[in-house]
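Read off the chains here:
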Amino acid sequence: GKPSTQKELDLQARLVDLIASITYQVFNFCRRGLFDKHKLLFTTSVVFKVLVRMKELDPEEVGFITFGKRSPNPPPLIHDMAAWCSDLAWAGAHAAQEIKVF
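This section reports on the structure supplied with the text. (Residues numbered from 1 in each chain as written. Predicted model: local features only at pLDDT ≥ 70, side-chain atom pairs only at ≥ 80, totals over all residues. Heavy atoms only, no water.)

Time to look at the environment of Pro74. Mapped onto the secondary structure, Pro74 falls in the loop between α3 (59-67) and α4 (79-82). It is 6.2 Å that separates the C-alpha atoms of Pro74 and His94, two residues lying 20 residues apart in sequence. Contact partners of Pro74, with chain neighbours within four places excluded, come to Trp90, Ala91 and His94. (Helix = DSSP H or I, 4+ residues; strand = E, 2+ residues; numbered from the N terminus. Contact = heavy atoms within 4.5 Å.)

Right under this line is the structure:
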């Protein structure tokens, strides 16, 4: 439930601060051992995990972005679209309609 006393409020604030501090320290430790070209990928992955855990991002949406889900049977491409859109890109775009944001 909700904290009712000042001591419980202080404990809640301290726990939030500790979690944030530990998360940042672990992130920094891991990041230092990576090559520059891998740092952006690692950072994006950590941010997605943190935001999913905080319930600010939908895990299904993150999975779609991360793993690139494709529709197994997308409708055929219109001739005009085939000039600039590959079959794989079209399958991904068609699968996006399953995500509630789209």
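Bringing the pattern of salt bridges into the picture now. Taken as a whole and judged by the stated rule, the model has two salt bridges. Taking the shortest distance from any N to any O, the salt bridge between Lys39 and Asp36 comes out at 3.3 Å. Here Asp36 and Lys39 lie together in helix α2 (residues 36-53), a separation of three residues that amounts to about one turn. Among the residues examined, Asp36 registers a relative accessible area of 64% and is labelled exposed. Across the salt bridge formed by Lys69 and Glu98, the nearest N and O atoms sit 2.6 Å from each other. Remark: Glu98 occurs in the segment after α5 (87-95) and Lys69 occurs in the loop between α3 and α4; sequence separation between them is 29 residues. The exposure class assigned to Lys69 is partly exposed, which follows from its relative accessible area of 43%. (Salt bridge = Lys/Arg side-chain N within 4 Å of Asp/Glu carboxyl O. Buried < 20%, exposed > 50% of the residue type's maximum accessible area, 1.4 Å probe, protein only.)

In this section: the packing of aromatic side chains. The tally for this structure, following the rule as stated, stands at two aromatic pairs. On the numbers, 6.4 Å between centres and 40° between planes, the contact of Tyr24 with Phe27 is tilted. Placement of both Tyr24 and Phe27 in helix α1 (residues 6-32) is noted, with a separation of three residues, approximately one turn of the helix. Judged by its relative accessible area of 47%, Tyr24 is partly exposed. Centroid distance Phe27 to Phe42: 5.8 Å. Interplanar angle 5°. Geometry classified as stacked. Of this pair, Phe27 sits in helix α1 while Phe42 sits in helix α2; the two residues are 15 residues apart in sequence, bridging distant segments of the chain. Taken together, the aromatic side chains of Tyr24, Phe27 and Phe42 make up a single cluster linked through ring pairs. (Phe/Tyr/Trp six-rings, centres within 6.5 Å; stacked < 30°, edge-to-face > 60°.)

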